[in-house]
Amino acid sequence: YFQRYYITNNLSMAETPRIDGRIDLDKPRWLQDSYLGRAKHFFSVTDPRNVLLSGRQLDGAKELLKLYRERKESAGTTDEQVFAAKKMYESAFHPETQQKMFLPGRMSFQVPGNMTITGFMMTYYRTTPAVLFWQWVNQSFNAVVNYTNRSGKSDIPESLLLKSYLAATTCAVGVAVGLNKATVKLPPIVGRFVPFAAVASANCVNIPMMRQSELLNGIDVLNENGEVVGQSQAAARSAIVQVVFSRILMATPGMGLIPVVMNTLETKTKVFKGRAWLAAPLQVGLLGFVLTFATPLACAVFEQNSSISVKNVEQSIRDKLAESGSEAKFLTFNKGL
């Protein structure tokens, strides 16, 4: 079933160099030094079809990769079968703990999860009870995603998760309720953008709070040989800014354009006349289409392993590099998602 599940297209793309002619299972299929390569990688990771995979298929993919790593795969196993198994495995198993992740927290669930929640959030935004409920649902979903994708080496304390969840929910609800009251006398289309403002504000609170230990202690920065040379708070700040920007960018096409479409249909046509119920499924469907592309394209804006100038890191790290005789001008770090 691996062959049937995933067949790549013929688009020319530089693949990651092989090791002794074999696929490097520890790296993405496509080189990540170009936007197109990163986009292809994230289209694979966020593919919503992965949600439909059975436990048997996922376990089979894990077993095939184990055999391939040990050079014990069945004779006749093709590269496409290995790449298909790799795609399945990466969609469902934690990269560090190798444990199967909770389904709603997987990256492949981002499109179906977000399209449903955001669609209803953008439909029922006019009343305070509806705002409270859907903003709470959205932040609960975000908490599940953050917990599921937490670092396996440095676990996120439950107290920090709770504080982040409460802060983001309070921020989102406060912004939504406040803007609803502030825009009550403005044209109706203005009110349609309130959910977007609430989501963007919550991201600016939630992500830094979830990663506050990184801001305080720094994150690993590596030299050109992949060796850790220290923990940098400056790199942590850069990583978090990039992630917040990507998350907001991910939401922008759907939450920025669809309100215009819905307002036009409501004011210029008779689509919803006698069919008010149609608004929610229509917005969910439009969001599903948009998020299928917006999610991977936004994730690909920055390289997963970003770089920072040596001039911008802490003096202690610069001193350590000088003592070792290193002439590196840039260091790299994993920015997270």
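For clarity, every value in this text was computed on a predicted model and none was experimentally measured.

### Comments concerning helix H11 (residues 233-268)
Thought 1: Across its 36 residues, H11 extends 52 Å between first and last C-alpha, which sits within 8% of the 52 Å expected from 1.5 Å per residue.
Thought 2: Bending of H11 peaks at approximately 40° at the position of Thr-252, with proline Pro-253 no more than four residues after it.
Thought 3: Between the side-chain oxygen of the N-cap and the backbone nitrogen of Ala-234 there are 3.2 Å, and the N-cap of H11 in question is Ser-232.

### So, unusual backbone geometry
Thought 1: Positive phi is not limited to glycine here, since Asp-20 has a value of about 55°.
Thought 2: With a relative accessible area of 67%, Asp-20 lands in the exposed category.

### Concerning the nonpolar core
Across soluble globular proteins, nonpolar side chains show a tendency to be buried alongside one another.
Thought 1: Met-115, Met-121, Met-122, Met-255, Ile-258, Met-262 and Leu-287 are the most contacted members of the largest nonpolar core, which has 20 residues in total.
Thought 2: Those elements that place two or more of their residues in this core are helix H5 (110-123), helix H6 (128-148), helix H9 (194-210), H11 and helix H12 (279-299).
Thought 3: Those residues in contact with Met-262, other than ones at most four positions away along the chain, are Arg-192, Phe-272, Ala-279, Leu-282 and Gln-283.
Thought 4: Listed in part, the 15 residues of the second largest apolar core include Leu-58, Leu-65, Val-82 and Phe-93.

### Regarding the confidence of the model for the chain
Thought 1: Per-chain confidence: the chain averages 86 in pLDDT, with 94% of residues scoring 70 or above.
Thought 2: Put simply, helix H1 (residues 2-5) is where the chain has its lowest mean pLDDT, 50, and helix H3 (residues 55-69) is where it has its highest, 95.
Thought 3: Within the model, pLDDT remains below 50 along residues 5-12, and this stretch shows 16 contacts once partners closer than five positions in the same chain are excluded.

### A few points about the packing of helix H7 (residues 158-182) against H9
Thought 1: As a packed pair, H7 and H9 sit with axes 8 Å apart at the nearest point and diverge in direction by 155°. Relative to H9, H7 is oriented roughly antiparallel. Here H7 runs over H9; the crossing is right-handed. Only Val-194, Ala-197, Ala-198, Ser-201, Ala-202, Val-205, Asn-206, Met-209 and Met-210 of H9 make contact with H7, whose side of the interface consists of Leu-160, Leu-161, Lys-163, Ser-164, Ala-167, Ala-168, Cys-171, Ala-172, Val-175, Ala-176, Leu-179 and Asn-180.
Thought 2: Its residues assigned to classes, the contact of H7 with H9 comprises 16 nonpolar, four polar and one charged.

### Overview of the packing of aromatic side chains
Thought 1: Here the structure, examined in full by the defined rule, presents nine aromatic pairs.
Thought 2: When the centroid spacing of 6.2 Å and the interplanar angle of 55° are considered together, the rings of Phe-109 and Phe-141 count as tilted. Of the two residues, Phe-109 is situated in the loop between helix H4 (79-92) and H5 and Phe-141 in helix H6; the sequence distance between them amounts to 32 residues.
Thought 3: Between the aromatic rings of Phe-120 and Trp-134, the centroid separation amounts to 5.1 Å while the plane-to-plane angle is 10°, which identifies the pairing as stacked. One end of the pair, Phe-120, is in helix H5; the other, Trp-134, is in helix H6, with 14 residues separating them in the sequence.
Thought 4: Aromatic rings pair up to connect Phe-120, Tyr-124, Phe-133, Trp-134 and Trp-136 into one cluster.
Thought 5: The ring of Tyr-68 has Arg-22 lying over it, and the distance from NZ or CZ to the ring centre is 4.0 Å.
Thought 6: Its guanidinium or amino end placed over the ring of Phe-83, Arg-29 lies 3.7 Å from that ring's centre, counting from NZ or CZ.

Analysis parameters
Numbering of residues begins from 1 in every chain and follows the order in which that chain's sequence is written. Local features in this predicted model are restricted to residues whose pLDDT is 70 or higher, and side-chain atom pairs enter the listing and the counts only when it is 80 or higher, whereas totals over whole chains, interfaces and linings include all residues. Heavy atoms throughout the structure, all of them, feed into the side-chain values; hydrogens and water do not. Numbering of helices and strands runs from the N terminus, with a helix taken as a DSSP run of H or I at least four residues long and a strand as a DSSP run of E at least two residues long. By this rule the span expected of a helix is its residue count minus one, scaled by 1.5 Å. Each residue is assigned a bend, namely the angle between axes fitted to the seven residues that terminate at it and the seven residues that start at it. In the analysis that follows, any N or O atom pair within 3.5 Å is treated as a polar contact, provided that within protein one partner can donate a hydrogen and the other can accept it, and provided that, for residues neighboring in sequence, both atoms belong to side chains. Only protein chains enter the accessibility calculation, which uses a 1.4 Å probe. A residue is then buried if its area is under 20% of the maximum for its type, exposed if over 50%, and partly exposed in between. The set of buried Ala, Val, Leu, Ile, Met, Phe, Trp, Tyr and Cys residues whose side-chain atoms join them within 4.5 Å is what this entry labels a nonpolar core. What makes two residues a contact is simply this: any of their non-hydrogen atoms within 4.5 Å. On a scale of 0 to 100, pLDDT captures the predictor's confidence in every residue. For helices, the axis comes from a line fit to the C-alpha atoms of the stretch in contact; other axes are also lines fit to C-alpha atoms, and the angle between any two N-to-C directions lies between 0 and 180 degrees. Should an angle fall under 35 degrees it is taken as roughly parallel, and over 145 as roughly antiparallel, whereas 65 to 115 is taken as roughly perpendicular and any remaining angle as oblique. Helix crossings fall into two classes, left-handed where the near helix is turned counterclockwise from the far one by less than a right angle and right-handed where it is turned clockwise. Only Asp, Glu, Lys and Arg are considered charged in this grouping, and only Ala, Val, Leu, Ile, Met, Phe, Trp, Tyr, Cys and Pro are considered nonpolar; every other residue, Gly among them, is considered polar. Any pair of Phe, Tyr and Trp rings, taking the six-membered ring for Trp, is counted once the centres come within 6.5 Å. Such a pair is stacked with planes under 30 degrees apart, edge-to-face with planes over 60 apart, and tilted for the rest. Only when the NZ of Lys or the CZ of Arg is both within 6 Å of the ring centre and within 35 degrees of the ring normal is a charge said to sit over the ring.

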